[in-house]
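Residue-level structure breakdown
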Amino acid sequence: MKRYAFLVADKYAFRFDCGSTWLNLLATKGRSFSADPVERLGSPARFAEWLERSELLPVRAPTAAELAQAIRLRETLRVLVLATIDGTEPPADSVTDLSVFLAEHDDPVHLIAADRVRREPPATASDALARIARQAVDHLTGTDRATLKVCPEHDCRGVFTDTAGRRRWCPSPACASRGRVRAMRARRATDQATNRGEPAPT
């Protein structure tokens, strides 16, 4: 029972290993392309927790409307980054939505000299989202877009950075495990077919 409870709780755990804050935002929804996706931003309180752990906790607590805004931004960025990785033309409405959002949320940079260089906390969750959106735009439109990679698991398609060009799956251990098991089974099926003198399965 304890093991089962751990697995259930872990399903909703935030991921901060995708390579940047905006990619971690995409990971607040797990198994995005499955029949049973996992929503990790289930409440304004959870959204506040994610922002705090991302060092973007606003002065004013996030509202339900701002949570809905975060989810809309997340899915807009998901569409744009997948188009970027696939080398296809991004949907014009998604580009427009992101442009309008950024135009409506001006968040000037004010630095603080403390134990290190810090930026003033965002006043609202919308301001925090604007910072994340600008980070995404810089990544999607600059040379660093070449480091973006998508998980090949069809129900995941999680996006992460791969600067070394060696990673195949997203940071989720489950995706790598499933992929390796599937590859092992395919190799065994091929070996068995070869031993029987049959064509390799496709």
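Described in the following lines is the structure provided in the data block. (Residues numbered from 1 in each chain as written. Predicted model: local features only at pLDDT ≥ 70, side-chain atom pairs only at ≥ 80, totals over all residues. Heavy atoms only, no water.)

**What to know about the overall build of the protein chain**
Helices and strands together make up the secondary structure of the protein chain, namely 7 helices and 6 strands. From first element to last, N terminus to C terminus, the protein chain shows the α and β order α-α-β-β-α-α-α-β-β-α-β-β-α. When burial is assessed residue by residue, the protein chain has 38% of its 202 residues classed as buried. Taking all contacts inside the protein chain whose residues are at least 6 apart in sequence as the whole, residues at least 24 apart take part in 55%. Accessible area for the protein chain stands at about 12000 Å²; split by element, carbon and sulfur atoms hold 54% of it. (Helix = DSSP H or I, 4+ residues; strand = E, 2+ residues; numbered from the N terminus. Buried < 20%, exposed > 50% of the residue type's maximum accessible area, 1.4 Å probe, protein only. Contact = heavy atoms within 4.5 Å. Areas by Shrake-Rupley, 256 points an atom, 1.4 Å probe, with all protein chains shown as cover.)

**Describing the packing of helix 4 (residues 64-86) against helix 5 (residues 92-104)**
Relative orientation of the contacting elements helix 4 and helix 5 amounts to 135°, with a least axis distance of 9 Å. It follows from the interaxial angle that helix 4 and helix 5 lie oblique. You can see that helix 4 and helix 5 cross each other, and the crossing is left-handed. Contact residues: helix 4 offers Gln69, Leu73, Thr76, Leu77, Val79 and Leu80, while helix 5 offers Ser94, Val95, Asp97, Leu98 and Phe101. The residue makeup of the contact of helix 4 with helix 5, split by class, is 7 nonpolar, 3 polar and 1 charged. (Axes fitted to C-alpha atoms, helices over the stretch in contact; angles between N-to-C directions. Parallel < 35°, antiparallel > 145°, perpendicular 65-115°, else oblique. Left-handed = near helix turned anticlockwise from the far one by under 90°. Nonpolar A, V, L, I, M, F, W, Y, C, P; charged D, E, K, R; others polar.)

**Points about helix 5**
The first and last C-alpha atoms of helix 5 sit 18 Å apart over 13 residues, in line with the 18 Å expected at 1.5 Å per residue. Against the buried residues of helix 5 lie helix 4 and helix 6 (125-141). (Expected span 1.5 Å × (residues − 1).)

**Some remarks on the environment of Ala103**
Among the secondary structure elements, Ala103 is positioned in helix 5. Judged by relative accessible area, Ala103 falls into the exposed class, the value being 67%. Along the primary structure Ala103 and Ala130 are separated by 27 residues, whereas in three dimensions their C-alpha atoms are 9.4 Å apart.

**A short note on the packing of helix 3 (residues 44-53) against helix 6**
Interaxial distance between helix 3 and helix 6 falls to 12 Å at its minimum, and their mutual angle equals 50°. By the angle class used here, helix 3 and helix 6 are oblique. The way helix 3 lies across helix 6 gives a crossing that is left-handed. Along the contact surface, helix 3 presents Phe47, Trp50 and Leu51, while helix 6 presents Ala125, Ala128, Leu129 and Ile132. Taken together, the residues that form the contact of helix 3 with helix 6 break down as 7 nonpolar, no polar and no charged.

**A look at a nonpolar patch on the surface**
Taken together, the side chains of Val109, Leu111 and Val117 make up a nonpolar region of the molecular surface, amounting to roughly 330 Å² of accessible area. Tracing the backbone shows Val109 in the loop between helix 5 and strand 3 (111-113). (Patch = residues over 30% accessible without salt bridge, like charges linked within 9 Å, V, L, I, M, F, W, Y side chains within 5 Å. Salt bridge = Lys/Arg side-chain N within 4 Å of Asp/Glu carboxyl O.)

**A few points about the nonpolar core**
Counting 33 residues, the largest nonpolar core has Trp22, Phe47, Trp50, Leu77, Val81 and Val159 as its most contacted members. When residues of this core are traced back to their parent elements, those giving at least two are helix 2 (21-26), helix 3, helix 4, helix 5, helix 6 and strand 5 (148-150). Counting residues per element, this core draws most heavily on helix 6, at 8 residues. When neighbours within four sequence positions are excluded, Val81 is seen to be in contact with Trp22, Leu26, Leu140, Leu148 and Val159. Phe160, Trp169, Cys170 and Cys175 belong to the second-largest nonpolar core, a separate cluster that totals 7 residues. (Core = buried A, V, L, I, M, F, W, Y, C linked by side-chain atoms within 4.5 Å.)

**As for the packing of aromatic side chains**
Under the defined criterion, the tally for this structure stands at 1 aromatic pair. With centroids separated by 6.2 Å and ring planes inclined at 70°, the aromatic side chains of Phe14 and Phe16 adopt a geometry described as edge-to-face. Stacked on the ring of Phe14, the Lys or Arg Arg46 has its end atom at 4.0 Å from the ring centre. (Phe/Tyr/Trp six-rings, centres within 6.5 Å; stacked < 30°, edge-to-face > 60°. Lys NZ or Arg CZ within 6 Å of the ring centre and 35° of its normal.)

**Focus on the environment of Leu57**
Along the chain, Leu57 turns up in the loop between helix 3 and helix 4. Exposure remark for Leu57: the relative accessible area of 37% places this residue in the partly exposed category. Placed 67 residues apart in sequence, Leu57 and Thr124 show a C-alpha to C-alpha distance of 8.3 Å. Sequence-distant contacts of Leu57, that is, excluding residues within four places in its chain, are made with Ala48, Leu51, Glu52, Pro121 and Pro122.

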